[in-house]
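# Notes for the structure review
So the chains spell out like this:
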Amino acid sequence: EAAVTQSPRNKVTVTGGNVTLSCRQTNSHNYMYWYRQDTGHGLRLIHYSYGAGNLQIGDVPDGYKATRTTQEDFFLLLELASPSQTSLYFCASSGWGNTLYFGAGTRLSVL
Amino acid sequence: GDSVTQKEGLVTLTEGLPVMLNCTYQTIYSNAFLFWYVHYLNESPRLLLKSSTDNKRTEHQGFHATLHKSSSSFHLQKSSAQLSDSALYYCALNTGNYKYVFGAGTRLKVIA
């Protein structure tokens, strides 16, 4: 079973704060993704990557940066957090077979 | 561009009744994959079903869906709802480029 681990599980910050969400996958998948989940909008793609050093822009990238440091590790950065970024964030990876494997999620609150 | 529509935001059913969650999609690619993911509270979303074969029924854990390319649909069904089926269900589309398009999700609430 594919393993995707996110940290932290919960985070509270203030407007203008700096936040880093971490994701590690241990299944040698090439593709990794960051999504946000909001009621009425479903899962929306922020950024994704197909390997270390690669970054692709998703559908809702404004206010977010991301970096893929290794095959395993993918980070999402909010450098000036805003209340509109309060959400549940999921990391996912995929490899052969096109199935997405999700982490447990990070609940972020921006006050 | 590609899109997935799940019209029902919330479906409330009494235990034992049949489940049908609707999913329609738009894409110009003939070999698209369609997926259903399920997200139980406090768990990770996970794959429930997937298909790329026209008119073939796919089944897993009591749920089934048939991809109909003629109507661009991939509805999720189950013959008898259980309380444990209460969750958020996502329909998703992938056209082979490793980018997925999700619908807005349908929350299924099963009551006794």
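For the structure itself, look to the data block above.
Residues numbered from 1 in each chain as written. Chains lettered and ligands numbered in written order. Predicted model: local features only at pLDDT ≥ 70, side-chain atom pairs only at ≥ 80, totals over all residues. Heavy atoms only, no water.

### Thoughts on the overall build of chain B
The number of helices and strands found in chain B is 0 helices and 12 strands. Helices and strands in chain B line up, N terminus first, as β-β-β-β-β-β-β-β-β-β-β-β. A globule of 112 residues ought to have a C-alpha radius of gyration of about 13 Å, and chain B, at 13 Å, matches this closely. By its C-alpha atoms, chain B is 40 × 30 × 20 Å across when sized along the principal axes. Taken over 112 residues, chain B has a buried fraction of 46%. When contacts within chain B are restricted to residue pairs at least 6 apart in sequence, those whose partners lie at least 24 apart make up 55%. Summing over all exposed atoms, chain B offers an accessible surface of approximately 5,500 Å²; the carbon and sulfur share of this is 49%. Positive and negative charge centroids in chain B, built from 10 and 7 side chains respectively, lie 4 Å apart. (Helix = DSSP H or I, 4+ residues; strand = E, 2+ residues; numbered from the N terminus. Rg over C-alpha atoms; globule rule 2.2 N^0.38 Å. Buried < 20%, exposed > 50% of the residue type's maximum accessible area, 1.4 Å probe, protein only. Contact = heavy atoms within 4.5 Å. Areas by Shrake-Rupley, 256 points an atom, 1.4 Å probe, with all protein chains shown as cover. Lys, Arg positive; Asp, Glu negative; His and termini not counted. Charge placed at Lys NZ, Arg CZ, Asp CG, Glu CD.)

### Remarks on the overall build of chain A
If you tally the helices and strands in chain A, you get 0 helices and 11 strands. The order of α-helices and β-strands along chain A, N terminus first, is β-β-β-β-β-β-β-β-β-β-β. For a compact globule of 111 residues, the expected C-alpha radius of gyration is about 13 Å, and chain A comes in at 13 Å, within 12% of that figure. Across its three principal directions, the C-alpha atoms of chain A cover 40 × 30 × 25 Å. Looking at the 111 residues of chain A, the share that counts as buried comes to 51%. Accessible area of chain A: about 5,100 Å², with a carbon and sulfur share of 50%.

### A few points about the environment of B:Phe35
Mapped onto the secondary structure, B:Phe35 falls in strand S5 (residues 33-39). Along the chain, B:Phe35 and B:Thr24 lie 11 residues apart, while their C-alpha atoms are 11 Å from each other.

### So, the interface of chain A and chain B
Taken residue by residue, the interface counts 22 residues in chain A and 17 residues in chain B. Buried area between chain A and chain B, summed over both chains or domains, comes out near 1,700 Å², and the portion from carbon and sulfur atoms is 55%. The largest contributions to the chain A side of the interface with chain B come from A:Leu43, A:Asn98 and A:Phe102, which together make up 31% of the buried area. Joining chain A to chain B, the criterion identifies 1 salt bridge. A:Asp59 serves as the salt-bridge partner of B:Lys99, at 3.0 Å between the closest nitrogen and oxygen. On inspection of chain A and its partner chain B, the count reaches 9 residue pairs in polar contact (both at pLDDT 80 or more). Residue classes in the side of chain A that touches chain B are distributed as 11 nonpolar, 10 polar and 1 charged. (Buried area = accessible area lost by both parts, 1.4 Å probe. Salt bridge = Lys/Arg side-chain N within 4 Å of Asp/Glu carboxyl O. Polar contact = N/O pair within 3.5 Å; in protein donor to acceptor, adjacent residues only side chain to side chain. Nonpolar A, V, L, I, M, F, W, Y, C, P; charged D, E, K, R; others polar.)

### Points about the packing of aromatic side chains
Where two aromatic rings form a pair, the distance of their centres and the angle of their planes describe that pair. All names here are of chain A. A complete count under the given rule lists 19 aromatic pairs over all chains for this structure. Judged by centre distance (6.3 Å) and plane angle (25 degrees), the ring pair of tyrosine 31 and tyrosine 33 falls under stacked. An angle of 65 degrees between the planes, with centres 5.9 Å apart, marks the rings of tyrosine 64 and tyrosine 89 as edge-to-face. One end of the pair, tyrosine 64, is in the loop between strand S6 (56-57) and strand S7 (65-68); the other, tyrosine 89, is in strand S9 (residues 87-94), with 25 residues separating them in the sequence. (Phe/Tyr/Trp six-rings, centres within 6.5 Å; stacked < 30°, edge-to-face > 60°.)

### As for the side chain of B:Ser73
Residues and elements named next belong to chain B. Take serine 73: it is sitting in the loop between strand S8 (63-66) and strand S9 (76-78). Taking the relative accessible area as the measure of exposure, serine 73 reaches 4% and is therefore buried. Leaving out residues up to four positions away in the same chain, serine 73 has contacts with Cys23, Thr24, Tyr25, Thr66, Leu67 and His68.

### Let's talk about the sheet that holds S7(A)
Sheet strands line up and pair through hydrogen bonds in the backbone, either parallel or antiparallel. Residues and elements named next belong to chain A. In spatial order, the strands read S1-S3-S8-S7; together these 4 strands make up an open sheet with antiparallel pairing. Each having just a single partner strand, strand S1 (4-7) and S7 make up the two edges of the open sheet. Between one strand axis and the next, the sheet turns by 15 degrees as a mean value, whatever way the strands run. (Pairing = 2+ DSSP bridges. Axes fitted to C-alpha atoms, helices over the stretch in contact; angles between N-to-C directions.)

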